[in-house]
Amino acid sequence: MEKILVVGSAGQIGSELILTLRNIYGNDNVIGTGRKTAPSQAVLDSGPFEFFNAVNRDDLYNVCKKYDINVIINMAAILSGTGEQNPMLAWDVNMNGLLNVLEIAREMKMKQVLVPSSIAVFGPGTPLDKAPQETVLKPTTMYGLTKVAGELLCDYYVNKYGLDVRGLRYPGIISHETLPGGGTTDYAVAIYYEAIKNKKYTCFVKEDTRLPMMYMPDCIKATIDLMQADFSKLKHHSDFNLGAMSFNVKELADSIKKRIPEFEISYEPDFRQAIADSWPNDVDDTAAREEWGWKPDYDLEAMTEDMLKNIQIKHDKGLI
Ligand code: AKB
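A. Just the domain arrangement of the protein, in detail. If you check the domain split of the protein, you get domain 1 (4–171 + 214–241) and domain 2 (175–211 + 247–281 + 298–316). Residue-level contacts link 26 residues of domain 1 with 21 residues of domain 2. If you sort the residues of domain 1 by the area they bury against domain 2, Q12, L128 and Y215 come out on top, with a joint share of 34%. For the pair domain 1 and domain 2, the number of links is nine residue pairs in polar contact (both at pLDDT 80 or more). Taken together, the elements giving at least two residues each to the side of domain 1 that touches domain 2 come down to α1 (14–25), α4 (80–85) and α8 (216–228). Considered class by class, the residues forming the side of domain 1 that touches domain 2 number 12 nonpolar, 10 polar and four charged.

Next up, the structure:
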């Protein structure tokens, strides 16, 4: 029976992933953790939750022992924008936190570890269109380089210790439950909130900036599908490219304007433009499709329809 620890379950992806996992594996078998940010009431009410910093090895070990954990999902990370403002923090959380997770999983002979990676592993030298599974990985951000090192570290634990470690390179993730924090792709979430609240948005990257993106239901589906895939059939482990859609900011704004004609967008690029420019337009996710059957459900129009509907409900209830 799985006893799953979701490190970072107050964050954008963790807060939704944990609720789906509790539905599948049982509320008491999926333990949430957070460092500082308060988790949602739904996360607190539906099962156990512990506050600690995964960079503190003893705290992580004690919680794993307390709940007899045999699967860790490590969603804790400092993303690209915050990482450039505080590179040492990014290194500490993304590398030391990961090393603690892998070491404790090895010592406790756990069943599985899942560690997300990101399109931030790419950089100059990576082909811009359909970034291949195997390609140049020379990121320019601290976040990106911790993700490259993290992928290699995870594969090291697979090869040297036979630990079941899996991971996937998330594109920008768009959702309406929990706001993302500190990423470059955050504009693709903020634009929807501002469209509902103020009918206008000033974007921090230029209108022709094109990046790989994914709607949260697909992100959750991909994560759980990879968890449940037959490990013996995987040729890759910690670095699956994962695609769903690719659009530039103008195309995103146009899909909102179709539904809110008075919506206006302006542009004031900041330091995140250089980060976005260093990432590819889209990715080739053939390996994920072939090895564990990956197939996304949402395109831009379906996502915009659902995002605006759900954010409007929050707005009507006075929650935003
Ligand atoms: C970021 O923008 O830093 C993240 C990512 C692409 O991993 N959303």
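B. The arrangement of unusual backbone geometry in detail. In the Ramachandran plot, D68 falls in the positive-phi region, its phi being about 55° despite a non-glycine side chain. Of note in the backbone geometry, K109 takes a positive phi value of approximately 50° without being a glycine. One can find K109 in the loop between α5 (87–107) and β5 (112–114). Assessed through its relative accessible area of 72%, K109 is described here as exposed.

C. Summary view of the packing of aromatic side chains. One pass over the structure, following the stated rule, counts eight aromatic pairs. Plain terms: the ring middles of Y156 and Y157 are 6.1 Å apart, the flat faces sit at 70° to each other, and that makes the pair edge-to-face. Ring geometry for Y156 against Y161: centres 6.2 Å apart, planes inclined by 80°, an arrangement best described as edge-to-face. Given the relative accessible area of 42%, Y156 is considered partly exposed. Chaining the aromatic ring pairs together yields one cluster made of Y156, Y157 and Y161. Here the guanidinium or amino end of R106 rests over the ring plane of Y161, the centre of that ring lying 4.9 Å away.

Rules behind the numbers
Residues numbered from 1 in each chain as written. Predicted model: local features only at pLDDT ≥ 70, side-chain atom pairs only at ≥ 80, totals over all residues. Heavy atoms only, no water. Domains from an automatic or database assignment. Contact = heavy atoms within 4.5 Å. Buried area = accessible area lost by both parts, 1.4 Å probe. Polar contact = N/O pair within 3.5 Å; in protein donor to acceptor, adjacent residues only side chain to side chain. Helix = DSSP H or I, 4+ residues; strand = E, 2+ residues; numbered from the N terminus. Nonpolar A, V, L, I, M, F, W, Y, C, P; charged D, E, K, R; others polar. Buried < 20%, exposed > 50% of the residue type's maximum accessible area, 1.4 Å probe, protein only. Phe/Tyr/Trp six-rings, centres within 6.5 Å; stacked < 30°, edge-to-face > 60°. Lys NZ or Arg CZ within 6 Å of the ring centre and 35° of its normal.

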